[in-house]
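Residue strings, one per chain:
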Amino acid sequence: MIGTLKNERGIALVVVIFMGSILFTLIGASLLFSRLNLKSAVNLEQGTFSLHVADTGLQHALAVIPAGNSFPYSSSTPVVGQTSHPTMTGFSYSVTAVNDAGGTKAILTSVSQGPGSSKRVVTAYVGRGNYGLGAASLPGSSGGTTETNFSGTSFSINGNDNCNVSAPVPGIVVTDPALATEITNDTTSDGGLASNQMGNVTGAGGSPSVAIVQPLSMTVSQMADSYLALSHVDLSGGNYSGNEDWGTSSTPRITRITGNAQIQGIVEGYGVLIVDGTLDVAGNFNFHGLVIARGDVQVQVTGNAGIYGSLLIAESTGLDAGYELDVRGNAHIRYDSCALASADGWAPLPKAPKLLAWQENLSI
């Protein structure tokens, strides 16, 4: 009997060891699969992050492609070099572009890189959208000199479309970050907006609506020349104090003033107005369309003057003797895409890049 019990204890020991081996095997397998699941979850998370980073690259590219009418990418061209993501450590992106067959669209390829060789590739199709102008645009103007002045609280510069057709544009567009800072830093000594004037400049991006954009694909003077190559009316510089019609809503026209102009009378105009000199606008002046000021430029808009369309100011070619843009009184500059239609029909206005569609490229 005692021998039988001893034999059974030996069998029990073998059974315990066998069951323990199975248990340890199951635990090990469970830990292994848990590790694999964790790794898969991490890879999935990093892949998702990489996809968002690639999309960030597309948005970056849209911000740096100049406004224009077509795209200049005859072959694969770097648009955004390798750039670290501003908030996601270890992630970066780069973007290249190539034209489609007609050059009216560009095909962007955004490649993101992340930790653990995480990589995503996104292909996007970009066309041209809204006119690449603000209510008032100062391309080429520098923050090195005092370029702007704002007086009172009754004026307005508004980038919300007056005819409610297109999306809002910035109230003021500049190409120099220093100038944007000067306008918005609540310091009037450098030509900026005072704290109680910030709400007078509205449009895309809030209040004050001041945006930094890439230089236009054409200079302001080149744009003016493209209109002057067409049929237009030349007026001499001087004081306009009577009643004038510079185009009508049914018959808009291209008008050029060949010198400095002071407008104090009742003037109504439609189409394109080009001023080869200083422009002092007061009185009851209302122009619907594109106003281009070039040469030794100073634009002062006061009184009850109104510009409905867009005001485009070239950088002064002479000494900066005064402000390039001086807005005061009850003056209003209001973006109006419908009023710009005639100008765009005569000579295409530069248009901002617009994202049409994008998809992840799984074949790369």
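Please read these numbers as outputs of a predicted model, since none were measured by experiment.

A.B. asks: Break down the sheet that holds strand 19 (residues 299-301) for me, citing the residues and quoting the values.
C.D. replies: Strand order in the open sheet made by the six strands is 6-21-19-17-15-12, with parallel pairing throughout. Two strands bound the open sheet, and with one partner strand each, they are strand 6 (148-150) and strand 12 (238-240). Averaged over all pairs of adjacent strands, the angle between strand axes in this sheet comes to 5°, irrespective of strand direction. The pairing of strand 19 with strand 21 (residues 325-327) spans three bridges and is parallel. Paired with Val299 across the bridge in strand 21 is Leu325.

A.B. asks: How would you sum up the nonpolar core? Please name residues and give values.
C.D. replies: Ranked by size, the top nonpolar core spans 61 residues in total, and within it Ile157, Tyr227, Trp246, Phe285, Leu290 and Leu349 carry the most contacts. With residues up to four places along the chain from it excluded, the contact list for Leu349 reads Gly68, Asn69, Tyr131, Leu133, Met223, Tyr227, Leu290, Leu340, Ala343 and Asp344. Counting 19 residues, the second largest nonpolar core, distinct from the first, contains Ala54, Leu58, Val80 and Phe91.

A.B. asks: Residue-level account of the packing of aromatic side chains, with values.
C.D. replies: Tallying each qualifying case throughout the model produces six aromatic pairs. Centre to centre, the rings of Phe49 and Phe91 are 6.1 Å apart; their planes meet at 85°, and the pair counts as edge-to-face. In this pair, Phe49 sits in helix 1 (residues 2-64) while Phe91 sits in the loop between strand 1 (77-84) and strand 2 (92-99), placing the two residues 42 residues apart along the sequence. A relative accessible area of 32% means that Phe49 is categorised as partly exposed. These aromatic residues form a ring-pair network of at least three members: Tyr240, Trp246, Phe285 and Phe287. A cation sits over an aromatic face here: Arg128 above Phe71, 4.1 Å from the ring centre.

About the criteria used
Residues numbered from 1 in each chain as written. Predicted model: local features only at pLDDT ≥ 70, side-chain atom pairs only at ≥ 80, totals over all residues. Heavy atoms only, no water. Pairing = 2+ DSSP bridges. Helix = DSSP H or I, 4+ residues; strand = E, 2+ residues; numbered from the N terminus. Axes fitted to C-alpha atoms, helices over the stretch in contact; angles between N-to-C directions. Core = buried A, V, L, I, M, F, W, Y, C linked by side-chain atoms within 4.5 Å. Buried < 20%, exposed > 50% of the residue type's maximum accessible area, 1.4 Å probe, protein only. Contact = heavy atoms within 4.5 Å. Phe/Tyr/Trp six-rings, centres within 6.5 Å; stacked < 30°, edge-to-face > 60°. Lys NZ or Arg CZ within 6 Å of the ring centre and 35° of its normal.

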